[in-house]
Every structure is written in C-alpha cells, then in structure tokens.
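# Results of the structural survey
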Amino acid sequence: CIYKELEIHSLTAELESLKNPQGLGLSSHLDGLREENAKLKYRLNVLKRSLQEERSQCSKTMMNINQRLQEIFGEAIREACPDLENPPLAVTPNQQAKFGDYQCNSAMAMAQMMKSKGLKVNPREIAENIQKNIPDNELIEKTEIAGPGFINVHLKRSFVSKLLTNLLLNGVQPPPLESKKKVVVDFSSPNIAKEMHVGHLRSTIIGDSMCRLFEFLGYDVLRLNHVGDWGTQFGMLIAHLQDKFPNYLTVSPPIGDLQAFYKESKKRFDEEEDFKKRAYQCVVKLQSKDPAFIKGWNLICDVSRNEFQKVYNCLDIQIIERGESFYQEKMTAVVKEFEAKGLVEMDEGRKIVFAPGQQIPLTVVKSDGGYTYDTSDLAALRHRLFDEKADIIIYVTDSGQGTHFQVVFAAAQMIGWYDPNVTRVEHAGFGVVLGEDKKKFKTRSGDTVRLMDLLDEGLKRSMEKLKEKDRDKVLSTEDLTKAQRSVAFGCIKYADLSHNRINDYVFSFDKMLDDRGNTAAYLLYAFTRIRSIARLANIDEAALRKAAETTEVLLEHDKEWKLGKCLLRFPEILQKILDDLLLHTLCDYLYELATTFTEFYDSCYCIEKDRKTGRVVKVNMWRMLLCDATAAIMAKGFDILGINPVSRM
C-alpha cells in the first residue's frame, strides 16, 4: 500500500515535468512525449484503482476518516488550483446531519489567498472546481456545495459498515505508524522526604494518560519520575537522622512519618546555628560519596519511595525513578560544554547563560560553586536527547514552570542539541487544583492536602454512593470492592482529565461522583449497561464473533448511522490529542459516544421481548454488534485515561 502511494507520487511528478516539453528541449519529440504521457496516466489510474481496492477491503488498523478525506480533497485542490502555493486544507465533521457527514471549507480561504494576489474569484466557483476534481475513492458517496462555498460530504454507508466489521473482527487497533519514535514523558516528580500532595495529582494523572496514549499508538515510551532527591535539604535530614537514630548504620530507623521528620529537621536548621553548620558539613560529605552519609541518604529515599508507591498503586501508575542525583556528574560536562562554546557569562560570581529571545538567564553555577535546577534540567534534557535518543520529550508540570522550560529549551537549541523542526520538546503545563471556595485546595487548617488522604476519602465516598444505589445487596464482597476502587479512582482521574489541563479546576467529590452529565460515574454506569445487553440476551463472545464474521452491520436507521460514524471518529480524536496533548478531548468524545448510544438504544430495538413473559423472542444481531463496538471503543478510551471499568456495578 505504501509502495503504491510512493509510485503514484513519482508518476505524478513525472507527468508534471512532461507538461512543458519546450522547457526540456524536446519539442521535436512531441508525439513521443504524448504517447509516454498517455502510458503514465494509464499506469497512474491502474495504481489508484488498486490502492482504492486495498483500502476498501480494510486493513486491520482503524482508518482515520478525516485524514483520508484530507488526502482526497488535497489531491482535488492541487488539480483545481495547481498554481496556488500551500493552499489551505480544512475538513471537519459536519455538526448537522442534514448537511452530510463531513465538510470541506477550503474554498473561502483559497479565495482570500487569491484576492491577496490580485485575483478576484468567487469561492463558490472554487468549490465547484474542487468538486469536479475529486478523485475516484472508496469513501465518498456524493458531495454538495452549500452557501458561499462549503462542500458537504456524504459517506458511503457500505464502506462505513465494512470499517465497523473490521473493528469488530480485529479489535480497536491504532492507525498505522510511519515510524516507531522514542518518547520520554517527565511527570509526577515529587520531592524525597516530603509527602505527595494534591499538587502532584495533576502531573501524575495527566502524565500517565499521555504515556498510555503514546503506548497505544505504538511509540516506544519511557516514563520518567524526575524526583527531587539531592540538594542542601539532605544535609539537615542526615544530621537530624544522626541525632535521633545514632545507630542507623546497623539498625533500620523506624521513621514512620517522614513529613514530621522533615519539619523537625527544618525547624532545627532555622533555629540552631550549630545544627545548621553541621547540616552543611553533611552536604559536603554526601557530595563526596562518604559511605555512611550515602547510607543515610538511601534510608531517607527508601522511606519516601514506599510512601510514593502507595499512591502509584492506587492510581495504577507505572513509572521509572531517575532523580536529580542521577544527573549530578553529568552537570559538570554540561557547564564545560557551554563554556567551550563561549556561551557562559560571569555575574557577581555566578555563571549564567542567556538564550536568544529570552529575558531571564539560566544560572548554571552558583557563586558558591554549586549547581541549580537550571543545570540539572539542562543535563537531563541533554541525556534524553543524546543517550536516550528521544524524538519526543514531554514535561508535565504546573504552568508556573512554563517560563523556566522555555529558557531551558531555547538554550538547548542555541547550543545545537536539537532542531525543533525535527525533535519535539514540549512543556505540557497545567493549572492548579482549587477547592469549592475557588481558592487553592487546602485542608481546613490551611495545610496542603495529602494525596493519600484524598484517595482514602474518595474510597469512602464511592462506597457510600454504591450503597445508596443498593449495589451492596446484589454484588459479592469482591465485586463491591472492585467497583468501589473503580469508581473512586476513576472519578478522581476523570474529573482532572475532563477539564482543559491549561485551566485551574475545582475539586468536588459531589460533582465527580454524580452519575449525571460528563463524569466518570455516568460513563462507568453506561459502559456496564452496554456490556450487560448481550448478557441479558444470552449471547456470549463466541456468538458475537461469529455474527461479526457473517452479519452485515446495517446502518439504515438515522440513529444507527449516527452511532456508526461516531464510533469511527476515534482515530481522529487520538490524532488531535497527539497534536495538542489536551486529553479533555477524549473525555468529551466518550461522553458524546455514550449519549449517542443512548439515543440509538432508545430508538432501535436490539432485543425484542414478549411483553407478558419477558422472554427474548427476537435479537437484531447487527444492532448487538453496534453495542459490542461501542463497548470496545469505550473500553480502549478508559484504558488511555487510566480508568479501570468493572463488568458489574
């Protein structure tokens, strides 16, 4: 398929070159050129028909219909206006069914481009010319021109039916990937010796979901936890450890509450001058890799890791720790590299780097000779580019760090580490979590909310909700616990991901556990209902599989057609998120899919029962297949969001 496309491009280019025989100095051979031209056109049409037949047979992967329509209209626009350089290409799903399924809106923008060149052309005429040049294809039933130049597209129902059969037979497969790129996602990133709090919630949830998306699409993903595990604070922690547990080298210290331990050491650091001096000496010993101090540092790190892991276990997060300590020795090389290229300036004893177009410099060495977050982040970026050989690097932190990363990226480009046109390095910032009073989310006493406390509260509230619905009376203890965890953690994740990450959002258990509207609770219950339809009809997976192989998915009813088209927009949604990293688009799509399914189910009988006995008398199998396809897409959407649905709720 790919080779045929390449040959088509090659032949098209050759045809273009033969349009001007004088320019080639071959005017005497015009008849021969015309014959060659005809042969090439014949070969081109054969290849196009062959490619169309392959597409109509449907590959195992899901087709991105919008992308395919863009290819079709792109070709039509080039044929219609060959002299227009980089013409705009706009194809979108149609919002109103009466106007068709998709719409090409390029004609108006093309008319504006021509007007700027002094050519006055009616956009409707351009649309008509594009319409005439639409190539033969497997997808479009008909097109209509509306208004000033909109081209409304009606899809072939038979082809959409084939795509749905492909989905049912092969499962939810990602679109084909041109090349398997390496992706590094830096997310979560708590500080050792401090508990994870609600501020880490968004980074952890958003970063994990981004990783899941890249993984599903076939990328090679490295999930990195850039923890704060180095620095002067470890001097005071080790000094306090020596005083409180002097035998820590031989007996593991019972540090139960690391947060309290940190506060005690910080209080001493601020109030006791002798302790402060000793803390600085401990830092020097730690940096020189003294075994006793390294052991103390490891003990503190291990206590923190155990606490972090409790959160990650609840939220089903897989992540590899690679903290600031990992980059310590690499920082020296980074500073030397910047110095060797004459990019370092001295400023009151500090070594700073100014990047082009940036107002704020990076401090790569402090006046006392120590390194900074700037140095650490430069070293980390360099390692990810050159050692990990990453093609895409995403940093998931709060928006407040946006300027910092902008300067780091600019410095890395200045020194020649990467070309932004080749390697994608991006900061995916997010807003803060607010309480229901619209202020920064805190406890009543004004402290930052501990993440484990928040998750425990979620479990408590979800159990109350399940009991309110009498689920404890019909579910086994094991299923009830599964449902409790699914609802609690699913709702917390979805409440975050369903908001545009750039904005602040209000954390409310009442709203996220509401089973009405765009919430995880609603979607989880809807998914469970869809999965139960086959069970009520006594149809097992083997029967559904056989039906998918033998039964055409009919799309004659308006609601069947609407649901079928909605299901096949899944690849388009994933492509959009891949481009802008805004995961709320997937949440909006899943909500739209659930409501579209409800419309379908209310209007189209999947199962017909005897009104007196309640016995199933008829099963409309093609509609059961639409139920099955809906459940499959919803399940994959949940998986990308990190939500674990259960079969019974």
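Residues numbered from 1 in each chain as written. Predicted model: local features only at pLDDT ≥ 70, side-chain atom pairs only at ≥ 80, totals over all residues. Heavy atoms only, no water.

What follows concerns the sheet that holds strand β5 (residues 182–186). Across a sheet, strands are paired by hydrogen bonds formed along the backbone, either parallel or antiparallel in direction. With parallel pairing, five strands are arranged side by side in an open sheet as β7-β6-β5-β11-β12. The open sheet terminates on both sides in strands that have one partner only, identified here as β7 (320–321) and β12 (424–427). Summarising the sheet, β5 and strand β6 (residues 220–225) pair through five bridges and their orientation is parallel. For K182, the partnering residue across the bridge sits in β6 and is D220. Packing of helix α13 (residues 373–386) onto the sheet brings it into contact with β5, β6, β11 (392–395) and β12, and relative to β11 it is tilted by some 150 degrees. (Pairing = 2+ DSSP bridges. Helix = DSSP H or I, 4+ residues; strand = E, 2+ residues; numbered from the N terminus. Contact = heavy atoms within 4.5 Å. Axes fitted to C-alpha atoms, helices over the stretch in contact; angles between N-to-C directions.)

Moving on, we get to the environment of R382. The topology assignment puts R382 in helix α13. In this structure R382 comes out as partly exposed when scored by relative accessible area, which is 25%. In sequence terms R382 and D602 are 220 residues apart; their C-alpha atoms lie 56 Å from each other. Not counting residues within four places of it along the chain, the set of residues in contact with R382 comprises V334, E337, D387 and W417. (Buried < 20%, exposed > 50% of the residue type's maximum accessible area, 1.4 Å probe, protein only.)

Here we come to the domain arrangement of the protein chain. Along its sequence, the protein chain is carved into domain 1 (1–50), domain 2 (62–155), domain 3 (182–228 + 323–434), domain 4 (232–317) and domain 5 (455–641). Here domain 3 and domain 4 have C-alpha centroids that lie 26 Å from each other. Listed as interface residues are 16 residues of domain 3 and, on the opposing side, 17 residues of domain 4. Summing the contributions of domain 3 and of domain 4, the shared interface buries around 1,400 Å²; its carbon and sulfur component is 66%. The interface formed by domain 3 and domain 4 includes two salt bridges. Its salt-bridge partner being E329, residue K289 comes within 3.3 Å of it at the nearest N-O pair. Where domain 3 meets domain 4, there are six residue pairs in polar contact (both at pLDDT 80 or more). Per element, the largest residue contribution to the side of domain 3 that touches domain 4 is three residues, and it comes from helix α7 (residues 198–216). For the side of domain 3 that touches domain 4, the per-class residue count stands at five nonpolar, six polar and five charged. (Domains from an automatic or database assignment. Buried area = accessible area lost by both parts, 1.4 Å probe. Salt bridge = Lys/Arg side-chain N within 4 Å of Asp/Glu carboxyl O. Polar contact = N/O pair within 3.5 Å; in protein donor to acceptor, adjacent residues only side chain to side chain. Nonpolar A, V, L, I, M, F, W, Y, C, P; charged D, E, K, R; others polar.)

Turning next to the packing of aromatic side chains. Across all of its chains, the model carries 15 aromatic pairs by this definition. Considering the side-chain rings of F214 and Y219, the 5.4 Å spacing of their centres and the 90 degrees angle between planes classify their relative orientation as edge-to-face. Judged by relative accessible area, which is 0%, F214 ranks as buried. Chaining the aromatic ring pairs together yields one cluster made of Y395, F405 and F409. Lying over the aromatic face of F326, K330 brings its terminal NZ or CZ to 5.1 Å of the ring centre. Its guanidinium or amino end placed over the ring of Y525, K469 lies 4.9 Å from that ring's centre, counting from NZ or CZ. (Phe/Tyr/Trp six-rings, centres within 6.5 Å; stacked < 30°, edge-to-face > 60°. Lys NZ or Arg CZ within 6 Å of the ring centre and 35° of its normal.)

Considering all chains together, one arrives at 45 salt bridges under this definition. Measuring nitrogen to oxygen at the nearest pair gives 3.0 Å for the salt bridge that ties R68 to E71. Of this pair, R68 and E71 both sit in helix α3 (residues 65–80), separated by three residues, roughly a single helical turn. Accessibility expressed as a relative area gives 11% for R68, which makes it buried. Residue D470 pairs with K473 through a salt bridge whose shortest N-O separation is 3.5 Å.

Spatial ordering of the open sheet is given by β8-β9-β10, a layout of three strands whose pairing is antiparallel. Of all strands in the sheet, those with a lone pairing partner are β8 (345–347) and β10 (362–365), marking the two edges. Averaged over all adjacent pairs, the angle separating strand axes in this sheet is 45 degrees, with direction ignored. Bridge count for strand β9 (residues 350–353) against β10 is three bridges, and the pairing is antiparallel. Following the sheet pairing, K351 is matched in β10 by V365.

Moving on to the UniProt feature "domain: Arginyl tRNA synthetase N-terminal" (unreviewed entry) in the protein chain. Within this structure's numbering, the places UniProt gives as "domain: Arginyl tRNA synthetase N-terminal" (unreviewed entry) are residues 67–155. As a span, residues 67–155 carries 39% helix and 21% strand, and end to end its C-alpha atoms are 14 Å apart. (UniProt positions renumbered as here; feature names shortened; annotations may be inferred.)

In this structure, L69, F507 and F570 are the most contacted members of the largest nonpolar core, which totals 170 residues. The element contributing the most residues to this core is helix α11 (residues 291–315), with 12 residues. Core analysis: the next-biggest nonpolar cluster, separate from the first, contains 32 residues, Y327, F338, V365 and I415 among them. (Core = buried A, V, L, I, M, F, W, Y, C linked by side-chain atoms within 4.5 Å.)

For the rest of this paragraph, the subject is the environment of I415. With respect to the element layout, I415 can be found in the loop between α14 (402–414) and β12. Of the residues examined, I415 reaches a relative accessible area of 6% and is grouped as buried. Expressed as a C-alpha distance, the spacing of I415 and N129, which sit 286 residues apart in the sequence, is 49 Å. Residues contacting I415, with those up to four places away along its chain left out, are E337, F338, K341 and L343.

Along β12, the buried face is formed by V425 and H427; none of R424 and E426, which line the opposite face, is buried. When β11 meets β12, the two strands line up parallel, connected through four bridges. Paired with I392 across the two strands is R424, which belongs to β12. The parallel pair β11 and β12 is bridged by α14, and the resulting crossover is right-handed. (Right-handed = clockwise from strand over helix to strand, strands pointing away.)

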